[in-house]
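Structural overview
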Amino acid sequence: MFLRDQQQDNQSSNTETFKNTFTPKSSSSYKYSIVGKSPTTQDDILTQAASPTTSPSNMSSPSTPAHASSIELPTVTRIDGGSGGNDDRSSMVLDSNDVTTTTTTTTKLSKPLVQSGFWGASSNLMNSIVGAGIIGIPYSLRESGLIAGLFLLVLVAYLTDKSLRIIVGLASFHPKLKNRDVRTFEDLAAYPFGIKGYNFISINMFIMAYGAMLAYLLIIKDTIPSILGVHDRLSRTLIMIATSMTIMLPLSMQRDMASLSITSLFSVLADIVLVGFITAFSPVRDTVQQAGGFEKVLEKDGINPTIFIGLGILSTAMACQHSAFIVSESLRNKTMAKWARVTGFSISASAALCAILGVSGYLGFLDETKGDVLNNFDHDSSIANVARFLLAITMFFTYPMESFVARHVLVQLIHGGDLDGRDDPSHSGQEGEEAGGILCMNRRQTWSFAIYLLTLFPALFVDDLGPVLSITGSLGGGCIAYFGPGLVYLGVNGDAFLSFAYGLLGRSVSYDESRLTAADLPIEGDATNMILPNPDSLAMLDDMCKPIWWYILGFPLWTKIANIGMSNMRAKVNDADGATLTSSNMSTFDENVMLPSNRDFFISIFFMCFGVVSAVAGVASNIYVQLNRNQEA
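Read on for a plain summary of the structure. Keep in mind that what you see is a predicted model, and the values were worked out from it rather than measured.

Conventions used here
Residues numbered from 1 in each chain as written. Predicted model: local features only at pLDDT ≥ 70, side-chain atom pairs only at ≥ 80, totals over all residues. Heavy atoms only, no water. Phe/Tyr/Trp six-rings, centres within 6.5 Å; stacked < 30°, edge-to-face > 60°. Lys NZ or Arg CZ within 6 Å of the ring centre and 35° of its normal. Patch = residues over 30% accessible without salt bridge, like charges linked within 9 Å, V, L, I, M, F, W, Y side chains within 5 Å. Areas by Shrake-Rupley, 256 points an atom, 1.4 Å probe, with all protein chains shown as cover. Salt bridge = Lys/Arg side-chain N within 4 Å of Asp/Glu carboxyl O. Helix = DSSP H or I, 4+ residues; strand = E, 2+ residues; numbered from the N terminus. Buried < 20%, exposed > 50% of the residue type's maximum accessible area, 1.4 Å probe, protein only.

Here we look at the packing of aromatic side chains
For the coordinates displayed, the defined rule picks out 21 aromatic pairs. A ring pair is formed by W549 and W550, whose centres lie 6.0 Å apart and whose planes are at 65 degrees; its orientation type is edge-to-face. Among the aromatic residues, those joined into a cluster by ring pairs are Y489, F497, F500, Y502, W549, W550, F555, F601 and F602. Across the ring face of F404, the terminal group of R407 is positioned such that the distance to the ring centre comes to 4.5 Å.

Put into structure tokens, the structure is as follows:
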């Protein structure tokens, strides 16, 4: 039974129940009851985006229960005029205590064979954050200004933590998607936005990973030769090639992220010691005194016109959304609370390290601060060489993290996520076997080597680290760290956002009696158990006259995005053909469920606005500064 027997007593009692249970308990709470079938392959996810929205009249049949998704609305009005009674649409409203979903999803995406605990996952996530970007934090404060830079660091850290919880929470704990084996950021974006959302995330993931790997190689070209006392260009280049091929490349060929837990721990420890060295030996006191005191420094460098260049570097340093799913998949017994602890600890510790190194490095050199702050120290300084060695360790052990992301994107796009080469004729079909490569390498090793060559070639000719970090963070970081999570959150929760948005207008959402029957009414006493808003009713609301604030705050655009997301989500998630339902206690709907909230709607909108501004302004600022510096030269 999908509904309580009390609902089917008579039409009058059901009408009264309707009036009582549609009184909202809180305008900021929503509760879903989900029934449906997931696409069986990744191709289904991508191709269904082009499918028309599932017609309400076709959402159920005598043999196939319809999909239900319940949300709480600010106000609701029922359009009378139907005969009521019971029909085959009775499964549209379900009690979360009486219904569970069973979905089976097959995907080519290779699952990790090795997983890690809290400390292993936290080390990997911290290593992904405090990579090449941390050494550029002093330069970012120079470009943005000391006060503005520290404010942006705190803001970026908060947004990073929030976005990591959003994207992993939507994929793993949202009631519409939690049973659909969504294990990548790009697959998550494909649900509300189809192939365009998939490609948007994939491209920006690759930009972030590629820019970071290029930056790591440039740092190796700066640090190791300086330690060895070699300064001619050819020798520096050969040293970079030799060390990267013997250390970075073998680590990049590992299969699972959890295999890097130990090296990530060493990398994080090296970063901590590096921060201590720069803090202790940066000539802060002498430099600040020569500048006229700390007050003069703040007065001159509080906020600079090139603030968005600094924001780009900070985004590069803190952005880890492109590796979030790989890290979260490696987390053993993942829950919302456990993932929140991993992100909270990792990002707080990373932000603290960035702030300490950034302030001490910038105040030590002020306007002379370089993209790699270690280049401000004497090449022959033994203390600086110790710091360079620590930085080199970090780069050696962080490069594989980004290589994993770049490899993941290419294997997803070209092989549908099949890293093990199971589609290759030489593959025997045994679990753990790998094939599909060239020469003596399998597919994993082939792509790891190809990505290494793609990053090595430009590193042979590029020397300036600052623009690489800033442009990577402005373009890739602005899109994947800010705009992408906000866009996906609004798309996945499109129906709830539309109900919330029109509730702000004081408008009610109607339910057509041709779709609504007595058996469709919510369970008495649970005002959060609601049925989906009628698309025809929402279309009518779109044509209504809106107040001026509706346009000033951009609600036409936000509701458009939500409409697109809702349509695609219904076409893919609400397709109930072949859905398997069992009447049992839905125990999974406890603390491990991510429901939409009004606060997160506004945060997602801020994410999108902030992402667009940081990307456009960051790239434009970099172009302007580089042109001016070339003219001055």
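Following the structure, the description resumes.
Examining a nonpolar patch on the surface
There is a patch of nonpolar side chains on the surface, built from L504, I548, W549, Y551, I552, L553 and F602 and spanning about 750 Å² of accessible area. For the nonpolar patch, the leading source of residues is helix α20 (residues 548–552), giving four residues. With respect to the helices and strands, Y551 occurs in helix α20. Residue Y551 is classed as partly exposed on the basis of its relative accessible area, which comes to 46%.

Some thoughts on the pattern of salt bridges
Going through the model one piece at a time under the given rule, you end up with 18 salt bridges. We note a salt bridge from K176 to D495, for which the minimum N-O separation is 2.8 Å. One end of the pair, K176, is in the loop between α6 (146–173) and α7 (185–228); the other, D495, is in helix α18 (residues 494–504), and 319 residues separate them in sequence. Of the two residues, K176 and D495, neither departs from the other in class, the shared state being buried. When the shortest N-O distance is used, the salt bridge between R444 and E434 registers 2.8 Å. Residue R444 is located in helix α16 (residues 443–459), and its partner E434 is located in the loop between α15 (382–415) and α16; the two are separated by 10 residues in the primary sequence. By relative accessible area, R444 is classed as buried at 10%. Assessed through its relative accessible area of 22%, E434 is described here as partly exposed. Via salt bridges that share partners, R255, D256, D418, D420, R422, D423 and R443 belong to a single interconnected network.

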